[in-house]
Amino acid sequence: MNASRKVTLEPALLVRGLVVIAIGLVVASLVLQVWSHLPPAGKSHGVVQMFNLDAETNLPTYFTSLLLALATLLSSVDEALELHERLSVHCGMPRVS
């Protein structure tokens with residue numbers, strides 16, 4: 001059985017998902033920062049630090065690093081395979097060397 005699958009990527013859906021994640025991280029950081037300043041004292045700051053936008057080695061930092069790595073990888077693949085040149089020709093645009 002030869003099952004051929006076509007993978008499609010909807011850029012708008014991808015961007016919407018990334019924006020939702022980014023907004024979620026910002027909201028989590030803000031809520032946890034406010035929560036950490038409310039009584040009683042001595043709340044766990046581990047969770048607060050995990051989402052703190054003003055710190056390193058936390059979820060927002062990992063998310064940003066992952067996006068940067070993904071963008072670098074996609075750019076590298078594009079250059080190696082000349083994807084944007086092929087897409088331009090496919091769309092009827094002249095190929096620029």
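What this report covers is the structure whose coordinates are included nearby. (Residues numbered from 1 in each chain as written. Predicted model: local features only at pLDDT ≥ 70, side-chain atom pairs only at ≥ 80, totals over all residues. Heavy atoms only, no water.)

A few words now on the nonpolar core. The nonpolar side chains of a soluble globular protein tend to be buried with one another. If you look at the biggest cluster of nonpolar residues, it comprises five residues: Leu25, Leu32, Val48, Phe51 and Phe63. Of all elements in the fold, only helix H1 (11-36) and helix H2 (45-51) reach the threshold of two or more residues within this core. (Core = buried A, V, L, I, M, F, W, Y, C linked by side-chain atoms within 4.5 Å. Buried < 20%, exposed > 50% of the residue type's maximum accessible area, 1.4 Å probe, protein only. Helix = DSSP H or I, 4+ residues; strand = E, 2+ residues; numbered from the N terminus.)

What follows deals with helix H3 (residues 59-81). Here H3 contains 23 residues, and its C-alpha end-to-end distance of 33 Å stays within 8% of the 33 Å for a straight helix at 1.5 Å per residue. Listing the buried residues of H3 in full gives Pro60, Thr61, Phe63 and Asp78. (Expected span 1.5 Å × (residues − 1).)

Another point: the layout of surface pockets. Put simply, the largest pocket is a space of about 180 Å³. Every residue lining the largest pocket is listed: Leu9, Leu14, Leu70, Leu74, Val77, Asp78 and Leu83. Of the residues forming the lining of the largest pocket, the biggest block, four residues, is contributed by H3. (1 Å grid on protein atoms, 1.4 Å probe; cavity = no way out; pocket = protein on both sides within 12 Å on 5 of 7 lines; lining within 4 Å. Points joined across faces, edges and corners; volume = space filled by probe spheres on them.)

The topology assignment puts Asp78 in helix H3. Excluding residues within four positions of it along the chain, Asp78 makes contact with Leu83 and His84. (Contact = heavy atoms within 4.5 Å.)

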